[in-house]
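Coordinates in review
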Amino acid sequence: MSEVAVVRDAAEVAQAAGELCLEACAGAVAARGKALIALTGGSTAKPLFNDLVRRPLPWARLQIFFTDERAVSVADPLSNFGLAQRELFSRVQLAPAQIHALRGDAADLDAEAARAAAELRTVAGQKGGPPRLDLVLLGLGPDGHILSLFAGVASSADRGDAELVRRVAAPLSVEPHLERLTLTPFLVVTARTVVLQVTGEKKADVLSRAMRGAEDLQGCPAQWLRHAAGRVVVVADEAAASRL
Ligand code: 6PG
């Protein structure tokens, strides 16, 4: 992993991630006229969205994807899209065509994964090549997951180059116990910038395992960040970084 920024608390983690987001989006727009980003769900998303709405992001130039989604409807409080809609999309200027949901309430999640992968290729593909995102925003799960690549699941160790989006069975050890759709590790290892937000003492051990533990991509899928070709910034508060 390339950089670790240790800040005081959760509020400063969101602020630092917001600054990195602005920098990555501005750079992408300057270079290529648009910024392709993937938003996370989980507890770090809300403070980040609250930070982002105050920043001069190039909103009209963003194409927004999701890192993962739970198998629920948008109206469900557990929907990552629903959270983004309430805390971010409703407060900034974005056209519907700029937002690319993973439809958690699709009747056939495998078909939805294939549809979302095709959409990624169309919107983010580069001259016939595979898609490359400018920015992937991530949280770290208690079992060492990023995206919905859970620990102990064989497919978590599969880069999924051709797949891009996959359905994942409901995790037993991580809440909520719901089926998911997730981007594959390919989109993390090829992204230009990846920002991992980590807060709280409870994440200290797993962050240390992700960064310094013996490599085991199935046991600790966050270790995919070690394989990233782009810039990786881990933004952690003092409690989460206490065992690094
Ligand atoms: C999700 C997320 C997931 C999240 C981690 C960390 O839908 O659950 O996208 O990957 O980032 O589980 O979640 P917390 O920040 O809530 O611990």
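Whatever comes next refers back to the structure up there.
Residues numbered from 1 in each chain as written. Predicted model: local features only at pLDDT ≥ 70, side-chain atom pairs only at ≥ 80, totals over all residues.

Concerning the packing of helix H1 (residues 10-32) against helix H2 (residues 45-52)
- In the contact formed by H1 and H2, the axes pass within 8 Å of each other and the chain directions differ by 55 degrees. The angle between H1 and H2 places the two elements in the oblique class. In the crossing of H1 with H2, the sense of the turn from one axis to the other is right-handed. Contact with H1, carried on its side by Ala10, Ala11, Ala14, Gln15, Ala17, Gly18 and Cys21, involves Pro47, Leu48, Asp51 and Leu52 of H2 and no other residues of that element.
- Its residues assigned to classes, the contact of H1 with H2 shows eight nonpolar, two polar and one charged. (Axes fitted to C-alpha atoms, helices over the stretch in contact; angles between N-to-C directions. Helix = DSSP H or I, 4+ residues; strand = E, 2+ residues; numbered from the N terminus. Parallel < 35°, antiparallel > 145°, perpendicular 65-115°, else oblique. Left-handed = near helix turned anticlockwise from the far one by under 90°. Contact = placed C-beta atoms within 7 Å. Nonpolar A, V, L, I, M, F, W, Y, C, P; charged D, E, K, R; others polar.)

Topic: the nonpolar core
- Residues Ala17, Ile37, Ala38, Leu135, Val136 and Leu137 are the most contacted members of the largest nonpolar core, which totals 72 residues.
- The biggest single contributor to this core is H1, with nine residues.
- Discounting chain neighbours no more than four positions away, the residues touching leucine 135 are Cys21, Ala24, Cys25, Ala35, Ile37, Ala191, Arg192 and Thr193. (Core = buried A, V, L, I, M, F, W, Y, C linked by C-beta atoms within 7 Å. Buried ≥ 20, exposed ≤ 12 C-beta atoms within 10 Å, placed from the backbone.)

Thoughts on the packing of H2 against helix H3 (residues 80-87)
- Running from N to C, H2 and H3 cross one another at 30 degrees; their axes reach a closest spacing of 10 Å. It follows that H2 is roughly parallel to H3 by the angle criterion. In the crossing of H2 with H3, the sense of the turn from one axis to the other is right-handed. In contact with Ala45, Lys46, Phe49 and Asn50 of H2, H3 contributes Leu83, Ala84 and Glu87.
- Taken together, the residues that form the contact of H2 with H3 break down as four nonpolar, one polar and two charged.

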